[in-house]
Amino acid sequence: MPYMAWPPRLVMTDSTAVALADFSSTWRPEELKSERTQQAALRRAREGIPELHRLLDEAVTALRVSLAVVVENFPLDTTALVIAAAALGRVDPSYNGPNPDSLVHDVVDSEARPYRDPDPFHTDSPLLAHPHAYLGLLCVRPSPAGDGQTVLVSAADVAAAIADRSHLRALQDPCYPFAVPHEPGSDEPSVTTHPILTMSGGGATVRYCPVRVTAGVERAGQALDEEHVSALRAFERALESQHLPTVFLLRAGELLLLDNRRLLHGRTDVGPEGVGRHLMRVKVHDREYEKAMARNS
Ligand SMILES: O=C(O)CCC(=O)C(=O)O
Ligand SMILES: [Fe+2]
């Protein structure tokens, strides 16, 4: 098989980028909070800009097949980001950063935190019953030093690096404690338990965040037995396998779309020159999620 670079890349032409930015300027961001308006805006954008229509279809297909795709030359515009991401499902204004209501969250390496450690492999929204299916990360400004690179690894590759079948079995048990940040005055449980690595017909899926799991295991104490502690250690060791990750620098105007349940992501450390590194992030629920919600209500 020929060597294929991963993730695959698509390029938005300049005229499409300009047309999308123009179209986006006719919408106010608040209008796009509901799925109905998101889909209406997307439909009109597809109708008005045939090249965008094709590009979005290609991106959706690439994301399905390859679990991640980079779209180059994407306009640096929050509304354009929301409209394009709506091709994947419902862009969720909830659980996207500390602000309870933000379609687009700014990931910024600010003056206040100039020396940031590596952000180790994780999946986003790990505390949710149904974590977001997709993430979009649009690079507005990379670190001029070229650090803060994006790191990706697939759940399938991590699973393949775990030799012991009994560990793989144990990782599917819904018993791993994830620490829930404590809301003052609330009596919510302080951990929520989930499987970490699950094998199914659709491939390997993963839910993991080292900060949450480490704190969760501490809080759970003896509740997590020896078998599952040792499976968790095997998973963590597999994540450290040097040959697994794909590392690359997102450049300005590059939009990375990724499957948040079949890939883990992270980034390398950001040094002092990385102040001002800026990504815009969206989180998207897929149709399966909407159906599950409809059944439960
Ligand atoms: O800063 C990055 O490249 C990754 C940020 C991240 O993991 C996230 O926003 O979910
Ligand atoms: Fe993340």
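Model, not experiment: these values are computed from the prediction.

*Asks:* Help me out: how do you make sense of the coordination of the iron ion (ligand 2) in this one?
*Replies:* Put simply, a metal with four donors set out as a tetrahedron has ideal angles of 109.5 degrees, and one with six donors set out as an octahedron has ideal angles of 90 or 180 degrees. Only H122 (NE2), D124 (OD) and H265 (NE2) from the protein coordinate the iron ion (ligand 2), and they sit 2.1 Å from it. In primary sequence terms, the donor set of the iron ion (ligand 2) follows H-x1-D-x140-H. Placement of the pair is D124 in the loop between β5 (119-122) and β6 (134-141) and H265 in strand β14 (residues 263-267), with a sequence separation of 141 residues. H265 sits in the buried class, given a relative accessible area of 8%.

*Asks:* Help me understand the domain arrangement of the protein chain in this model?
*Replies:* Buried accessible area, meaning the area lost when the parts come together, often serves as the stated size of an interface. The assigned domain composition of the protein chain is domain 1 (9-117 + 124-144 + 250-262 + 270-296) and domain 2 (162-239). Look at where the C-alpha atoms of domain 1 and domain 2 centre, and you get two points 28 Å apart. At the junction of the two partners, domain 1 supplies eight residues and domain 2 supplies 13 residues. Contact with domain 2 buries area across many residues of domain 1, yet P126, L127 and R262 alone supply 71% of it, more than any other trio. Where domain 1 meets domain 2, there are zero salt bridges. Taken together, the connections running from domain 1 to domain 2 amount to four residue pairs in polar contact (both at pLDDT 80 or more). Its residues placed into classes, the side of domain 1 that touches domain 2 shows five nonpolar, one polar and two charged.

*Asks:* What is the right way to read the site of ligand 1 from this model?
*Replies:* The full set of residues close to ligand 1 is V107, D119, H122, D124, L137, H265, R267, R277, L279 and R281. Here an oxygen atom of ligand 1 and a side-chain polar atom of H265 are 3.1 Å apart. For ligand 1, the protein covers 96% of the area, taking 290 Å² as the surface of the free molecule. If you map ligand 1 onto the pockets, it falls in the largest pocket. Contributing elements (two or more residues each) for the shell around ligand 1: β5, β14 and β15 (278-285). A class-by-class count of the residues in the shell around ligand 1 yields three nonpolar, two polar and five charged.

*Asks:* Explanation requested: the nonpolar core in the structure shown.
*Replies:* Side chains that are nonpolar tend, in soluble globular proteins, to be buried together. Within the largest apolar cluster, 41 residues are counted, with the highest numbers of intra-cluster contacts made by M12, F74, L81, I83 and V91. Those elements that place two or more of their residues in this core are α1 (14-24), α2 (35-48), α3 (50-66), β2 (68-72), α4 (78-85), β6, β13 (255-259) and β15. Looking at this core element by element, the count peaks at seven residues for α3. The contact partners of V91, leaving out residues within four places of it in the chain, are Q38, V82, A85, A86, L103, V282, K283 and V284.

Conventions adopted
Residues numbered from 1 in each chain as written. Chains lettered and ligands numbered in written order. Predicted model: local features only at pLDDT ≥ 70, side-chain atom pairs only at ≥ 80, totals over all residues. Heavy atoms only, no water. Donors = N, O, S within 2.8 Å, 3.2 Å for Na, K, Ca; no water. Helix = DSSP H or I, 4+ residues; strand = E, 2+ residues; numbered from the N terminus. Buried < 20%, exposed > 50% of the residue type's maximum accessible area, 1.4 Å probe, protein only. Domains from an automatic or database assignment. Contact = heavy atoms within 4.5 Å. Buried area = accessible area lost by both parts, 1.4 Å probe. Salt bridge = Lys/Arg side-chain N within 4 Å of Asp/Glu carboxyl O. Polar contact = N/O pair within 3.5 Å; in protein donor to acceptor, adjacent residues only side chain to side chain. Nonpolar A, V, L, I, M, F, W, Y, C, P; charged D, E, K, R; others polar. Near = heavy atom within 4 Å. Areas by Shrake-Rupley, 256 points an atom, 1.4 Å probe, with all protein chains shown as cover. 1 Å grid on protein atoms, 1.4 Å probe; cavity = no way out; pocket = protein on both sides within 12 Å on 5 of 7 lines; lining within 4 Å. Sits in = over half its atoms within 2 Å of the grid points. Core = buried A, V, L, I, M, F, W, Y, C linked by side-chain atoms within 4.5 Å.

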